[in-house]
Amino acid sequence: MELSASWDSLRKQARKLEAQLDEQMLSYRKLVSAKVSTKDDAAESDVESWIERLLNQLQQVNSQMQAWVSSGGSEMVSHTLTRHQEILQDLTQEFYRLRSSLRAKQEHASLLDDFKEFDRTRLDLEEGAGFEKQTLLKEHASISRSTGQMDTVISQAQATLGALVFQRSTFGGINSKLSNVSGRLPTVNNILSAIKRKKSMDTIILSLVGSICIFLIFIYWLTK
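Residues numbered from 1 in each chain as written. Predicted model: local features only at pLDDT ≥ 70, side-chain atom pairs only at ≥ 80, totals over all residues. Heavy atoms only, no water.

(A) Quick look at the environment of Arg99. Among the structural elements, Arg99 can be located in helix α3 (residues 75-223). Judged by its relative accessible area of 23%, Arg99 is partly exposed. Through-space distance from the C-alpha of Arg99 to that of Val32 is 7.8 Å; in sequence the pair is 67 residues apart. Contacts of Arg99, omitting those with residues within four sequence positions, involve Tyr28, Glu48 and Glu52. A polar contact of 2.6 Å, which involves the side chain of Arg99, links it to the side chain of Glu52. (Helix = DSSP H or I, 4+ residues; strand = E, 2+ residues; numbered from the N terminus. Buried < 20%, exposed > 50% of the residue type's maximum accessible area, 1.4 Å probe, protein only. Contact = heavy atoms within 4.5 Å. Polar contact = N/O pair within 3.5 Å; in protein donor to acceptor, adjacent residues only side chain to side chain.)

(B) The arrangement of the nonpolar core in detail. Ranked by size, the top nonpolar core spans 24 residues in total, and within it Trp7, Leu21, Tyr28, Ile51, Leu55, Leu58 and Met65 carry the most contacts. Counting only elements with at least two residues in this core, the list comes to α1 (2-34), α2 (42-70) and α3. Considering each element in turn, this core owes the most residues, nine residues, to α2. Discounting chain neighbours no more than four positions away, the residues touching Leu21 are Ile51, Leu54, Leu55, Leu58 and Leu91. (Core = buried A, V, L, I, M, F, W, Y, C linked by side-chain atoms within 4.5 Å.)

(C) Here's a closer look at the packing of aromatic side chains. Here the structure, examined in full by the defined rule, presents three aromatic pairs. Ring pairing ties together the aromatic residues Tyr28, Phe95 and Tyr96, which thus form one cluster. (Phe/Tyr/Trp six-rings, centres within 6.5 Å; stacked < 30°, edge-to-face > 60°.)

(D) Molecular detail of α2. The first and last C-alpha atoms of α2 sit 42 Å apart over 29 residues, in line with the 42 Å expected at 1.5 Å per residue. The set of residues buried in α2 consists of Glu44, Val47, Glu48, Ile51, Leu54, Leu55, Leu58, Val61, Asn62, Met65, Trp68 and Val69. (Expected span 1.5 Å × (residues − 1).)

(E) Representation of the side chain of Glu94. For Glu94, the position within the fold is in helix α3. On the basis of relative accessibility, which here comes to 17%, the residue Glu94 falls in the buried class. Here the side chain of Glu94 touches Arg29 through a polar contact of 2.5 Å, side chain to side chain.

(F) Examining a nonpolar patch on the surface more closely. A surface patch of nonpolar side chains, amounting to about 1,200 Å² of accessible area, comprises Met201, Ile204, Ile205, Leu208, Val209, Ile212, Phe215, Leu216, Phe218, Ile219, Trp221 and Leu222. Along the chain, Leu222 turns up in helix α3. Overall, the relative accessible area of 53% leaves Leu222 in the exposed class. (Patch = residues over 30% accessible without salt bridge, like charges linked within 9 Å, V, L, I, M, F, W, Y side chains within 5 Å. Areas by Shrake-Rupley, 256 points an atom, 1.4 Å probe, with all protein chains shown as cover. Salt bridge = Lys/Arg side-chain N within 4 Å of Asp/Glu carboxyl O.)

(G) The side chain of Gln24, seen in detail. With respect to the element layout, Gln24 can be found in helix α1. Residue Gln24 is classed as buried on the basis of its relative accessible area of 16%. Aside from chain neighbours lying at most four places away, what touches Gln24 is Val47, Trp50, Ile51 and Leu54.

Right under this line is the structure:
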């Protein structure tokens, strides 16, 4: 009678624990199905801890029931123990499966968050690079404009230098011609002087010839 009371007490404890586990597993299933955050939730941790305690307690009760059956229980009692052990195994497997699923969801959500953060960082870097690229393009355009202006100034300076060189060569030619003319002026003056002298001599000669002719005519007129 005492053994029967002990068995009944163990069965009641097992059923009570199984009912509590069913209730907690239902709540845990809802948490797992709705879990989207990467961070651990307080309610989730409480449910997991409570389920683990209930599973340990049910395992202890099953061990006591196994000891009771080993001490000489009937085949029907052994069948009942097997049923409670299967329930414990099913609940344990489901709990570990749900917990693994929850961890996988957390890791997946964490990877998504990391990817989003990486994507945001990449976009920020691209925007920063785009801004830097625009700045570099503006600087390049400014440098190109400055270079173009410098090229224009250099071209103008080269043209001016060419004009000055041409003017210098022109003035040099003029100076050379002036020098040649200056060098030739004494000769021209000498020629002009010689021409004047010759003209004077011709005038003198003509005057003498004329005078002689007049003198001869005068004599001829007197002699008649």
